[in-house]
Amino acid sequence: MEREDEWLLLSLSQYEDLHVFQLQEPTRLLEWAPGNRVFVAGYGQSGGNEILQLLPPPPMREVVTKSLFPEREFKVECGGFSSRPIYSLKCVPGTSLLVTSGPPDSSLQLWKVSAEDSNVIKPVSAIPAENGHPWARIATTAARAQWVLHGSTLDSVHITEVEARKNISVAAARSSEELSGLAFLDCNTLLLCCAKGQLYLGDVRQPQAPLDPVSVPWALGDERWCMGVRQAAAGSASSSQPIACLSNRGHLTLTDVRKPSEPLASVKCSVPSPSSNAEFLCVSWAPALEGCVAISGFDGTVHVYDTRSWDSSASAAEPTFVHKGHTFGEEDSNGDPPLVTAHTWHPQKPRTLLSAASDGSLSIWDWVQPRGTCG
């Protein structure tokens, strides 16, 4: 308790705001929705996993005032139950639909968020799985309303129009390499990241053309990789989007999709130890803060980095800020401390992040900006 008490005292000077919530079951996804709502969902194997739409505390939606708020400041607005674990969830732009995925297969489940007079998230339908494939990664884009990009391996990538359940495009690939992430760069361009670190580009206008492997500036060995794409401003080209790729050993490389073999920057992050299975490995760009990225999945912390002074020397990098709020939770049945399972940046507030951990803790926090750093 002494370390936790010390951290709580320090937090009064380190955070502009800090809000804590305890979920009944942990989540491995955090998805912002219109109106500054956020979705969480359980991933337990026993069934009865909740999907919840949460409303953050008022200061995170309105004018920020400096304070430390007590627990349970999030409001549950509506919810539903899934009989299967939920590993990924995305809002379908322009609709009241959600699309989710999770074991034991790569099928997608569609849900409808009911009108304001109801507090129920209802199952609508499902998009069948392909035989033999694990759970699917999912991406959506406002540029292509109702399109969902999904797949678990390189040869199982599809684009589906969810309301019509119509298959729009299939990526042409023979490899069954596992995917760790996928994204729309713009309305026509896809970026796929394999778990071993290889990147591929695809064009929806050429559905039968082979995926284009990208020459990457890192060795494709035994490391596990994930990617984070900085979303381009409306009307800008996909080539203006930097890509951050993170390995389970803490190597972080920034690339430009126009010249991917020439890294914009490469560093070794200050992580305590390699992530053994990279299950919760995550890197993300701040949407409202130039040059800032956050990483998690190594332990019970979230690290924030300012990339603006980085070069390609692969030198050690120190974080601008480390959120330690999840490290004081309960150990699991194996005696292991909590592990951060997901984090995401607030869409508008520059230094505000939401993070969740394996003990069910959920935090939304805004750190105090040191001079000369992000923001």
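Each chain has its residues counted from 1, following the order in which its sequence is written. Local features in this predicted model are restricted to residues whose pLDDT is 70 or higher, and side-chain atom pairs enter the listing and the counts only when it is 80 or higher, whereas totals over whole chains, interfaces and linings include all residues. Side-chain measures were taken over the full set of non-hydrogen atoms in the model, leaving aside hydrogen atoms and water.

Chemist: Describe in detail the overall build of the chain, supporting the description with residues and values.
Modeler: Helix and strand definitions here come from DSSP, where helices need a minimum of 4 consecutive H or I residues and strands a minimum of 2 consecutive E residues; each element is numbered from the N-terminal end. Within the chain, the regular secondary structure consists of one helix and 30 strands. Categorising residues by exposure relies on relative accessible area from a 1.4 Å probe, with only protein chains included: less than 20% of the type maximum marks a residue as buried, more than 50% marks it as exposed, and the intermediate range marks it as partly exposed. Looking at the chain as a whole, 53% of its 375 residues qualify as buried. Restricting the contact set of the chain to residue pairs at least 6 apart, pairs at least 24 apart contribute 54%. As displayed, the chain offers around 16800 Å² of accessible surface, 49% of which is attributable to carbon and sulfur atoms. Residues are treated as being in contact if the distance between any of their heavy atoms lies within 4.5 Å. All accessibility values rest on the Shrake-Rupley procedure with a 1.4 Å probe; residue burial counts only the protein chains present in the view.

Chemist: Got a sec to walk through the pairing of strand β11 (residues 137-140)? Specific residues and values, please.
Modeler: Only strands that DSSP links by at least two bridges are regarded as paired with each other. In the sheet, β11 pairs with strand β12 (residues 147-151) via four bridges, with the strands oriented antiparallel. Residue Ile-138 lies in a different strand from β12, and its bridge partner there is His-150. Hairpin connection between β11 and β12: a loop of six residues separates the two successive antiparallel strands, and Gln-146 in this loop has a positive phi of roughly 75 degrees.

Chemist: Any chance you could break down the sheet that holds β12 for me, citing the residues and the numbers?
Modeler: One open sheet holds the four strands; their spatial order is β11-β12-β13-β14, and the pairing between them is antiparallel. Each edge of the open sheet is held by one strand with a lone partner, namely β11 and β14 (166-170). The average undirected angle you get between the axes of adjacent strands in this sheet is 25 degrees. In this description, a line fitted to the C-alpha atoms serves as the axis of each element, helices being fitted only across the stretch in contact, and the angle between N-to-C directions of two axes falls anywhere from 0 to 180 degrees.

Chemist: Account for the sheet that holds strand β18 (residues 212-214), naming residues and giving values.
Modeler: What the four strands build is an open sheet, ordered β15-β16-β17-β18; its pairing is antiparallel. Single-partner strands in this sheet number two, and they are β15 (179-184) and β18. Averaged over all pairs of adjacent strands, the angle between strand axes in this sheet comes to 25 degrees, irrespective of strand direction. Of the strand pairs in this sheet, β15 and strand β16 (residues 189-194) are connected by five bridges, and their pairing is antiparallel. By the bridge assignment, Phe-184 is partnered in β16 with Leu-190.

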